[in-house]
Amino acid sequence: MSNHQHEHSNGTNKKVLLLSFFIITIYMIVEAIGGFVTNSLALLSDAGHMLSDSISLGIALVAFILGERVASQSKSFGYKRFEILAAMLNGVILILISLYIFYEAIERFISPPEVATIGMLIISVIGLLVNILVAWIMMRGDTEENLNMRGAYLHVLSDMLGSVGAIIAALLMMFFGWGWADPLASVLVALLVLRSGFRVTKDSIHVLMEGTPLNISMNDIIQIIEQTKGVQSIHDLHIWTITSGLNALSCHAVIDGQLTISEGEKILREIEHALEHKGIKHVTIQMETADHNHKNSILCQIKNDSPSHHHHHHH
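Report on the accompanying structure.

### Notes on helix H7 (residues 218–227)
Each full turn of the α-helix corresponds to 3.6 residues, which orients residues three or four apart in the same direction.
At step 1: Along H7, the positions that sit buried rather than exposed are Ile 221, Ile 222, Ile 225 and Glu 226. Along H7, the residues classed as buried sweep out an arc of 120° about the axis, all on the same side. Residues of H7 that are exposed and angled more than 90 degrees away from the buried face: Asn 219 and Gln 227.
At step 2: Lining the buried residues of H7 we find strand S1 (231–243), strand S2 (246–255), helix H8 (261–277) and strand S3 (280–289).

Now the structure itself:
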């Protein structure tokens, strides 16, 4: 993929996110007010779900903008981390919202209050249309590759379920007078909110703890590097995530002692290329040779004395 294309898709992504963010944020406010006025918990919980959308769209937007501010990838860590922290905050907020909805719903199951069902129906139908519109706008962005975009898109899709739930609840209350339909719909939406809140929090904590990226298998990577011609073994391998879609790797590679520097460079390029396909963009490899007994190199004597270098891991 040429750089120009990449820049272009980032531009469209940003526009898509900006538009989606405004539509959803505005409608979320409408829905929250509607929930208070019509006294519908289902609308309120759907608004809560939309708040989570709006936050995650906002995070994605800020991440794009901050990402653009810094040209060189190596310096961008400081900004890229923001996205993960924000995602974690988002996750915690979602969990709190869902707990509040559960708490409210329990009271409503016990004594269902009067709900203005016509108003609730109208607002939830508009909500569904808004979600469909936003999903359609986002389809035109890059929902496959970009983690941020995909997360936001999935949010919007599950948001539709919330609106559908509120619509069904309104209809049930209108035709059958089932007061419990409203708290039931809100509990279902709250479960969705809780689930996404929990997932986001868990994933972002995993990243902050420098865990191995979830979509990467350590063994695959070890094999790729060790199968490269000239590499005997590797140790001290670390793989971690800097931000969504940007993974880093560092390791020590033991290579044949006879290789020239330019051959070593070639091995490095080969490994970097192979790892790029695996989604690891930032590779640091320290090369060492197995035979450390050069007569007069002090460094090598120190290395030989240290016990850690006697056993090289062989798989």
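### Considerations on the pattern of salt bridges
At step 1: Going through the model one piece at a time under the given rule, you end up with 4 salt bridges.
At step 2: Of the charged contacts in the structure, one is a salt bridge between Asp 182 and Arg 108, with a shortest N-O distance of 3.0 Å. One end of the pair, Asp 182, is in helix H6 (residues 181–208); the other, Arg 108, is in helix H3 (residues 77–110), and 74 residues separate them in sequence. Comparing Asp 182 with Arg 108 shows no difference in burial state: the two are buried.
At step 3: Where Glu 265 meets Arg 269, a salt bridge forms, and the shortest distance between an N and an O atom there is 3.7 Å. Pair noted here: Glu 265 and Arg 269 are both in helix H8, with a separation of 4 residues, about one helical turn.
At step 4: Using a relative accessible area of 39% as the deciding quantity, one classes Glu 265 as partly exposed.

### Structural notes on H8
At step 1: Taking 1.5 Å of rise per residue, 17 residues should cover 24 Å, and H8 covers 25 Å from first to last C-alpha, within 8% of that figure.
At step 2: Of all the residues in H8, the buried ones are Gly 264, Ile 267, Leu 268, Ile 271 and Leu 275. Here the buried residues of H8 occupy an arc of 100° about the axis, which is enough to place them on one side. In H8, the exposed positions angled more than 90 degrees off the buried face are occupied by Ser 262, Lys 266, His 273 and His 277.
At step 3: At the exit of H8 stands Gly 279, carrying a positive phi of roughly 85°.

### Re the packing of aromatic side chains
At step 1: Under the definition given, this model contains 3 aromatic pairs.
At step 2: On the numbers, 4.7 Å between centres and 20° between planes, the contact of Phe 176 with Trp 178 is stacked.
At step 3: For Trp 178, a relative accessible area of 34% corresponds to the partly exposed category.
At step 4: By way of ring pairs, the aromatic residues Phe 176, Trp 178 and Trp 180 are connected into one cluster.

### A word on the environment of Val 30
At step 1: Here Val 30 shows up in helix H1 (residues 3–38).
At step 2: With 93 residues separating them in the primary sequence, Val 30 and Ile 123 have C-alpha atoms 8.3 Å apart.

### Structural notes on the sheet that holds S3
At step 1: Reading across from one edge, S1-S2-S3 is the order of the 3 strands in this open sheet, with mixed pairing throughout. Looking at strand neighbours, the two that pair on one side only are S1 and S3, the edges of this open sheet. Going across the sheet, the axis of each strand differs from the next one's by a mean of 15°, ignoring polarity.
At step 2: With 9 bridges joining them, S2 and S3 adopt parallel strand pairing. Residue pairing across strands places His 252 opposite Gln 286, the latter belonging to S3.
At step 3: Those strands touched by H7 are S1, S2 and S3, and its axis lies near 135° from that of S1.
At step 4: Those strands touched by H8 are S1, S2 and S3, and its axis lies near 150° from that of S3.

### Thoughts on the side chain of Ser 20
At step 1: Note on placement: Ser 20 falls in helix H1.
At step 2: Here the side chain of Ser 20 touches Val 16 through a polar contact of 2.6 Å, landing on its backbone oxygen.
At step 3: Apart from the residues within four sequence positions on either side, Ser 20 is in contact with Leu 57, Val 134, Ile 137 and Met 138.

### Structural notes on the packing of H7 against H8
At step 1: Two numbers describe how H7 lies on H8: the axes approach to 10 Å, and their chain directions differ by 155°. In terms of their interaxial angle, H7 and H8 are classed as roughly antiparallel. At the point where H7 passes H8, the crossing takes the right-handed sense. Contacts from Ile 221, Ile 224 and Ile 225 of H7 reach H8 at Ile 271, Ala 274 and Leu 275.
At step 2: Taken together, the residues of the contact of H7 with H8 sort by class into 6 nonpolar, no polar and no charged.

Rules and cut-offs
Per chain, the residues get numbers from 1 upward, laid out in the order the sequence is written. Only residues with pLDDT of at least 70 get local features here, since the model is predicted, and only at 80 or more are side-chain atom pairs given and counted; chain-wide, interface and lining totals rely on the full set of residues. Side-chain numbers come from the whole structure's heavy atoms, not from hydrogens or water. Only protein chains enter the accessibility calculation, which uses a 1.4 Å probe; a residue is then buried when its area is under 20% of its type maximum, exposed when over 50%, and partly exposed in between. Segments assigned H or I by DSSP are reported as helices when at least four residues long, segments assigned E as strands when at least two residues long, and all are numbered from the N terminus. Within this analysis, the arc is defined by the directions that extend from the helix axis to the C-beta atoms. Pairs of residues are marked as contacts when any of their non-hydrogen atoms sit within 4.5 Å. Each reported salt bridge corresponds to a side-chain nitrogen of Lys or Arg within 4 Å of a carboxyl oxygen of Asp or Glu. An expected span of 1.5 Å times one less than the residue number is assigned to each helix. Centres within 6.5 Å make a pair out of two Phe, Tyr or Trp rings, where for Trp the six-membered ring is used; the pair is then stacked when the planes are under 30 degrees apart, edge-to-face when over 60, and tilted otherwise. Here a strand pair is declared whenever DSSP counts at least two bridges between the two strands. What counts as an axis is a line fitted to C-alpha atoms, over the stretch in contact for a helix, and the angles between N-to-C directions run from 0 to 180 degrees. Nitrogen and oxygen atoms within 3.5 Å of one another constitute a polar contact, given that in protein one can donate a hydrogen and the other can accept it, and given that sequence-neighbouring residues count only through two side-chain atoms. Orientation categories follow fixed angle ranges, with anything under 35 degrees roughly parallel, anything over 145 roughly antiparallel, 65 to 115 roughly perpendicular, and all other angles oblique. Crossing handedness follows the turn of the near helix against the far one: under a right angle anticlockwise gives a left-handed crossing, and clockwise gives a right-handed one. Residue type decides the class: Asp, Glu, Lys and Arg count as charged, Ala, Val, Leu, Ile, Met, Phe, Trp, Tyr, Cys and Pro as nonpolar, and the leftover types, Gly among them, as polar.

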